[in-house]
Amino acid sequence: ETARARLEAAFVDAPGGTVDILLSDHTDIPNGFARVSPSNRIAVFAQPPVDDPNLGYFDEWMELVVTHELAHIYHLDRTGVLGRIARSVVGRYPATWPVFPNQAAPRWTIEGLATWYESRLSDAGREHGTFQEAILRAAILEDRFESLDQASGDSPVWPGGTRSYTYGSEFFDYLLERHGEERMATFVDAVARQWIPYRLNAAGSDAFGEPVDDAWAAWSDSLRVRWAD
């Protein structure tokens, strides 16, 4: 309930209905996941991330993971007129546009948003730690900073599956520091309300006054200046 109130105040209105929570201790890995179909629900693995350098900056694990997963629910449940019409006909069918349009967004958008809010709405989180900054600094110094289309990829090459969380949350931090934290909701709604889908640059222009790919280039340039040899 604390995470719900904080997200509603800082992000968007809560989705209608109940959000079910499953707490599981069947595994020794720290994780969680969120689903918006057939209903809004999150699952949380109880094991805290005691040996994970990426998740190591936390104070209360349940607070952190619930905030992260609930941010997914608030994000992915958003839809526009077309989505509301589609849901009235097919229900909460597991599809992307127009039923759940934000689910079609790149993974760096989905995971970056939730990672940013886990840190913004708690006293810990990956944005407050140093591991993500170390990933980006290494990428800049080794001249292998990910392009926008690479940031959602999963690969055996370091930093592996953490790249969408790292690049996404740090990029959002750059955008929101420049344009204001309230623009996150504008961006999410711009994606959700599109009648012609999959136009992330158009949503970026609506929310931040610039296409996403232009903002990405400016962000990467700013990091090169910051960590220049």
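Residues numbered from 1 in each chain as written. Predicted model: local features only at pLDDT ≥ 70, side-chain atom pairs only at ≥ 80, totals over all residues. Heavy atoms only, no water.

Chemist: Help me understand the packing of aromatic side chains, please; the structure alone is not making it clear to me.
Modeler: Within this structure, the stated rule accounts for 17 aromatic pairs. Summarising the aromatic geometry, the rings of F33 and F45 are spaced 6.4 Å apart at their centres and angled 80° between planes, so their arrangement reads as edge-to-face. Of this pair, F33 sits in strand 2 (residues 32-35) while F45 is found in strand 3 (residues 41-45), placing the two residues 12 residues apart along the sequence. Using a relative accessible area of 34% as the deciding quantity, one classes F33 as partly exposed. A residue is classified by how much of its surface remains accessible, and F45, at 12% relative accessible area, is buried. Between W108 and F171, the aromatic rings sit 5.5 Å apart at their centres with planes inclined by 65°, giving edge-to-face as the arrangement. In this pair, W108 sits in helix 4 (residues 107-120) while F171 sits in helix 6 (residues 163-179), placing the two residues 63 residues apart along the sequence. Of the two residues, W108 and F171, neither departs from the other in class, the shared state being buried. (Phe/Tyr/Trp six-rings, centres within 6.5 Å; stacked < 30°, edge-to-face > 60°. Helix = DSSP H or I, 4+ residues; strand = E, 2+ residues; numbered from the N terminus. Buried < 20%, exposed > 50% of the residue type's maximum accessible area, 1.4 Å probe, protein only.)

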